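Each chain, written out:
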Amino acid sequence: MELRAELLKSIWYAFTSLDVEKSGKVSKSQLKVLSHNLYTVLNIPHDPVALESHFRDDDDGPVSNQGYMPYLNKFILDKVVEGTFDKEKVDELCWTLCAKKNYRPKASASVLPNNDALRLWCLFNFLSEERYPLVLVPEELEYLLKKICFAMTVELNCVDVEDFISQEAVQQSGITVWAFLELVNSGKLTRGVEREAVTMAIEEVYQEIVGNIIKEGYLWKKGHLRRNWNERWFTLRPSTLIYYVSEDRRECKGCIDLDQNCCVEVLPEKEGKRCVFCVKTLTKTYEMSASDTKQRQEWTNAIQTAIRLCVESKSSLHKDLKQRRRQQREEREKRRAAKEEELQRLHLLQGERESKLVELEILQEAQRQSQIALQQEEQKRRQQHEELQRALQEQLREAEQARSSMQVEMAQKEAEAERQKRRIQELEETQQSLEDALHQQIRARQDEEAYRLAQARLLAEEEEKMKALLGLQEEQEQYILNTQREKQELRQEMESKSQALEEAQRQLEKVRASRHRVDQDIAAAQRKLRQASTSVKHWNVQMTRLMHPIGPGEKRPSIGSSGIPPVHVPSVRDPGLCLYYQRSEREKESEKEKEPEGNKEAKESEERVVGASERPQRRLSHASNGDMDCD
């Protein structure tokens, strides 16, 4: 995920540089070229067919509907394998695309070369937050500038940096990479420093942060076979300690894999070498010597840091430091927010206190006013009490006078009460009799009400029965109407059937007449057949006579010379007779179809009888014809 995030930062710059109109859209042809170049630098196998199908020049397809990000994730970033490509080539490609549009420094002596600008761009991407558009928070900017100035062995001018950071745009949205490069190109930070020193400092910081090099430099190393000391260029990364012949790192002499089983120890001076220390692994012990005690301490601390990163499964020291700085910033933000909240709460409490003091003053004033009012009320009450006492004394005298007069009146009242008592007894007796009469009247009214309810119930039942009777009457009338309608339909049906029966009788008469004619024709044909059979017998006799041999000298008249004319006897194979039979059969069938079912059955029974009588005659005619044919 970390590699994907770093690649996305560089690719984002390339994509935004192709967005000329700043609308968030790029043409498919440009995306196709960008995808092809990404395939090349990321060492992913090319698929020209898929590339052409995804970037067709139309409005269809996933790239047109979903954007470029799903395609980038599925067909490029998901296929990236760490270690199979050079990250610097990807950065160079994306820098080339975005620098043409956005990096246009003014010509001056302090302008950075393109390679240094590329390194700073990579450092900016590494330290920027993982949200888009990519910006650098002021704390990370200050950290990066301090690293570069420390590598140049100059002191950072904090005034210029604070002036730049205090700008309103920087405070609101952060620092963009182009504003950062413009700050470096302004010369405020590199004033008085040679260009080569600036380049070396940028390269050193780049190798340390982006190249993931914790420390590098020359150390003396003791060989394992010849046990001699050789000066090597060591490069320390979180998981490896690689040593080369020289600092150009062209010829690698060995690699020490660091893990949780490794440790570093400081050794005493031996074989004329000072500042000796060793790195122990499970299989070997590597002895090395630094130039001084400070270098040895730095190297041992750096190696211990690399081992700690291996134990914590962290791949980069500066990513870890960046995460810690981010956590510190978040904690500072939380503390600042809490402090602001506390100040707001204090302000609220102070406001409440002031409002309560005002209320207290108002209450005190109200208390003074109420005391004055109480005093006035007390005076009024005392005056009223005195007046009330005088009034009570006067009333007491009046009461004494009234008491004496009341005693006289009481005697009169007692006599009156006795009379009233007797009158009350009389009234009670009268009331009792009235109550009895009233109860009798109530019972009479209740009975009358019950009779009325019974009468109403009987009327309701009578009304319901009347409704039921009317309903039955309507149903009876409807039933009578339906019966009359059915009778009329049956009468019409009987008339139609009687007409059909008369028609069938007429058809039967016609059939009988035609049958009579056919019988006459058959009788005539039978007579002709009998005549023909008679003539055939006669001719058979004649032929029998002619079959006797003729002796010499006999003379018999020939058939051709006889005066009897030849008779032609029709046979069964005669076409005229066959046509006659076929026509008669068709007429019979048509008459059968026209007849009703009952007439048809009668006709069929008659035909069966006629056929039975005709069969012997037909056999006789066939036999006679057969005899004639045989002769």
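Please read these numbers as outputs of a predicted model, since none were measured by experiment.

A. Quick peek at the overall build of the protein chain. The number of helices and strands found in the protein chain is 16 helices and 7 strands. Residues counted as buried form 28% of the 631 residues belonging to the protein chain. Of the contacts made within the protein chain by residues no fewer than 6 positions apart, 60% connect residues no fewer than 24 positions apart. Accessible surface computed for the protein chain: about 44,500 Å², of which carbon and sulfur atoms make up 52%.

B. Here's a closer look at the sheet that holds strand β1 (residues 215–222). Reading across from one edge, β4-β3-β2-β1-β7-β6-β5 is the order of the 7 strands in this open sheet, with antiparallel pairing throughout. Since the sheet does not close on itself, it has two edges, and those belong to β4 (252–257) and β5 (263–267), each with one partner. Between one strand and the next, the sheet's axes are offset by a mean angle of 35°, whatever the strand orientation. Strand direction decides the pairing type here: strand β2 (residues 229–236) and strand β3 (residues 240–244), joined by 4 bridges, are antiparallel. Across the sheet, the residue bridging to Phe234 is Tyr243, located in β3.

C. How the structure looks around the pairing of strand β7 (residues 285–289). Of all 5 residues in β7, 4 are buried, a share of seventy percent or more. Looking at chain direction, β1 and β7 are connected through 2 bridges and run antiparallel. When the bridges of β7 are listed, Trp220 appears paired with Ser289. Two elements, strand β6 (residues 276–280) and β7, share 5 bridges in a ladder whose sense is antiparallel. Bridged to Val276 within β7 is Ser289. Between β6 and β7, which pair antiparallel in sequence order, lie 4 residues.

D. Layout of the side chain of Lys222. Mapped onto the elements, Lys222 comes out in strand β1. Among the residues examined, Lys222 registers a relative accessible area of 8% and is labelled buried.

E. Spatial organisation of the layout of surface pockets. One number sums up the size of the largest pocket: a volume of about 960 Å³. In terms of lining residues, the largest pocket is bounded by 29 residues, among which Leu3, Glu82, Lys87, Val210 and Asn212 are the most central. Here the lining of the largest pocket takes 4 residues from helix α1 (residues 2–18), the largest share from any one element. Empty space within the second largest pocket amounts to approximately 790 Å³. Looking at the lining of the second largest pocket, the element that brings in the most residues is helix α12 (residues 195–209), giving 6 residues.

F. Seen up close, the state of the cysteines. The tally for this structure, following the rule as stated, stands at 0 disulfides. The closest cysteine sulfur to the non-disulfide-bonded Cys122 is located on Cys94, 9.4 Å from its own sulfur. As a non-bridged cysteine, Cys252 has Cys255 as the owner of its nearest cysteine sulfur, 6.6 Å distant.

G. Focus on the nonpolar core. If you look at the biggest cluster of nonpolar residues, it comprises 71 residues, and the most contacted ones within it are Leu38, Leu42, Tyr68, Trp95 and Phe180. Sort the elements by how many residues they give to this core and helix α7 (residues 114–127) lands first, with 9 residues. Each residue touching Phe180, except ones within four places of it in the same chain, is listed here: Leu120, Phe124, Leu141, Leu144, Leu145 and Ile175. Judged by nonpolar contacts, the second largest core, of 24 residues, contains Leu258, Cys262, Ala290 and Trp299.

H. Geometry of the pattern of salt bridges. Considering all chains together, one arrives at 30 salt bridges under this definition. Note that Glu416 and Arg419 form a salt bridge whose closest N and O atoms lie 1.9 Å from each other. Of this pair, Glu416 and Arg419 both sit in helix α14 (residues 317–546), 3 residues apart, roughly one helical turn. Three or more residues are tied together by salt bridges with common partners; here these are Glu129, Glu140, Arg325, Arg326 and Arg329.

I. Focus on the packing of aromatic side chains. Under the counting rule described, the total for this entry stands at 11 aromatic pairs. Here the aromatic rings of Trp12 and Tyr13 are separated by 5.0 Å at their centres, their planes lie at 70°, and the arrangement is edge-to-face. Relative accessible area serves as the criterion here: at 24%, Trp12 is assigned to the partly exposed category. Aromatic ring contacts, followed pair by pair, group Trp12, Tyr13, Trp95, Tyr103, Trp121, Tyr132 and Trp178 into a single cluster. Positioned above the aromatic ring of Tyr143, the side-chain terminus of Arg325 is 3.7 Å from the ring centre.

The rules behind each value
Residues numbered from 1 in each chain as written. Predicted model: local features only at pLDDT ≥ 70, side-chain atom pairs only at ≥ 80, totals over all residues. Heavy atoms only, no water. Helix = DSSP H or I, 4+ residues; strand = E, 2+ residues; numbered from the N terminus. Buried < 20%, exposed > 50% of the residue type's maximum accessible area, 1.4 Å probe, protein only. Contact = heavy atoms within 4.5 Å. Areas by Shrake-Rupley, 256 points an atom, 1.4 Å probe, with all protein chains shown as cover. Pairing = 2+ DSSP bridges. Axes fitted to C-alpha atoms, helices over the stretch in contact; angles between N-to-C directions. 1 Å grid on protein atoms, 1.4 Å probe; cavity = no way out; pocket = protein on both sides within 12 Å on 5 of 7 lines; lining within 4 Å. Points joined across faces, edges and corners; volume = space filled by probe spheres on them. Disulfide = S-S within 2.5 Å. Core = buried A, V, L, I, M, F, W, Y, C linked by side-chain atoms within 4.5 Å. Salt bridge = Lys/Arg side-chain N within 4 Å of Asp/Glu carboxyl O. Phe/Tyr/Trp six-rings, centres within 6.5 Å; stacked < 30°, edge-to-face > 60°. Lys NZ or Arg CZ within 6 Å of the ring centre and 35° of its normal.

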